[in-house]
Amino acid sequence: MASPLVRKLEHGAALSQDDRARLEEAARDVRGVGPRHDLIGEGDRPEEVHLILEGFACRYKMLPGGERQIMAFLVPGDFCDLHVAILGEMDHGIATISPCKVAYIPQRTIDELTSKHPAIARALWWATLVDEGTLREWIVNMGRRSADEQMAHLLCELLLRLESVGLAHENGFDFPVTQEELADTLGLSNVHVNRVLQQLRETGMITLTGRRLTIHDVDR
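Below is a short write-up of the structure. (Residues numbered from 1 in each chain as written. Predicted model: local features only at pLDDT ≥ 70, side-chain atom pairs only at ≥ 80, totals over all residues. Heavy atoms only, no water.)

**Some thoughts on empty space enclosed by the protein**
Within the structure shown, the criterion is met by two cavities of 30 Å³ or more. The space that makes up the largest cavity amounts to roughly 40 Å³. Broken down by secondary-structure element, the contributors of at least two residues to the lining of the largest cavity are α5 (118–144), α6 (147–164) and α7 (179–186). Top element by residues in the lining of the largest cavity is α5. It accounts for three residues. Broken down by class, the residue content of the lining of the largest cavity amounts to four nonpolar, three polar and no charged. By volume, the second largest cavity amounts to about 30 Å³. Surrounding the second largest cavity, Leu5, Leu23, Ala26, Phe79, Ile105, Ile110, Leu113 and Leu124 form its lining. For the lining of the second largest cavity, the secondary-structure elements that each account for two or more residues are α2 (17–26) and α4 (107–116). A class-by-class count of the residues in the lining of the second largest cavity yields eight nonpolar, no polar and no charged. (1 Å grid on protein atoms, 1.4 Å probe; cavity = no way out; pocket = protein on both sides within 12 Å on 5 of 7 lines; lining within 4 Å. Points joined across faces, edges and corners; volume = space filled by probe spheres on them. Helix = DSSP H or I, 4+ residues; strand = E, 2+ residues; numbered from the N terminus. Nonpolar A, V, L, I, M, F, W, Y, C, P; charged D, E, K, R; others polar.)

Here it is in structure tokens:
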């Protein structure tokens, strides 16, 4: 079975068998990381690129008063810091949310993949543009959507992203994110997050049992 990375990138470019093999080989250094652990801190200069293979992670920034803003969720198939070598240092942190398996890829390997394999280079640029499009939707979420619309949009986004790498089935997926982390994502209080989730449950739009989320009416 193809890795989440290969499954994801095949949506952005037609990869040859050699391209797929090169990507699988690049991600051979895999390490387990526990939940709520910083993979990279703001200001770090990572020498390796981090790729999520299992579990959930997030991008975040800390405010001077200790508040945290989560700016993106990272799911299997997502790079954490693909272009950080160009910037020189991280301007935000990356933390795991659940137990994760993370591939550590030397920057020189990424450079070789993009210089020698045009389809891989195209797929990686496609993935970057998709990330930017997702970020624009998050900005719209925070600025113009109501709390229930923000939550619904986020849950549908995660469903689509996990479906694209074969990790969501029958509109359901593993969802290890806590209400506190949702509050840090949506800019809401914990109490407001709880109220919105209850509303989505009571109207029959979602079921959240343990760590398993099912969306019953995606269009709605």
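Having seen the model, we can carry on.
**Quick word on the pattern of salt bridges**
Across all of its chains, the model carries 16 salt bridges by this definition. For Asp18, the salt bridge identified is with Arg22, shortest N-O distance 3.5 Å. With Asp18 and Arg22 both in helix α2 and four residues apart, this pair spans about one turn of that helix. With a relative accessible area of 40%, Arg22 lands in the partly exposed category. A salt bridge links Glu157 to Arg161; its shortest N-O distance comes to 2.7 Å. Pair noted here: Glu157 and Arg161 are both in helix α6, with a separation of four residues, about one helical turn. (Salt bridge = Lys/Arg side-chain N within 4 Å of Asp/Glu carboxyl O. Buried < 20%, exposed > 50% of the residue type's maximum accessible area, 1.4 Å probe, protein only.)

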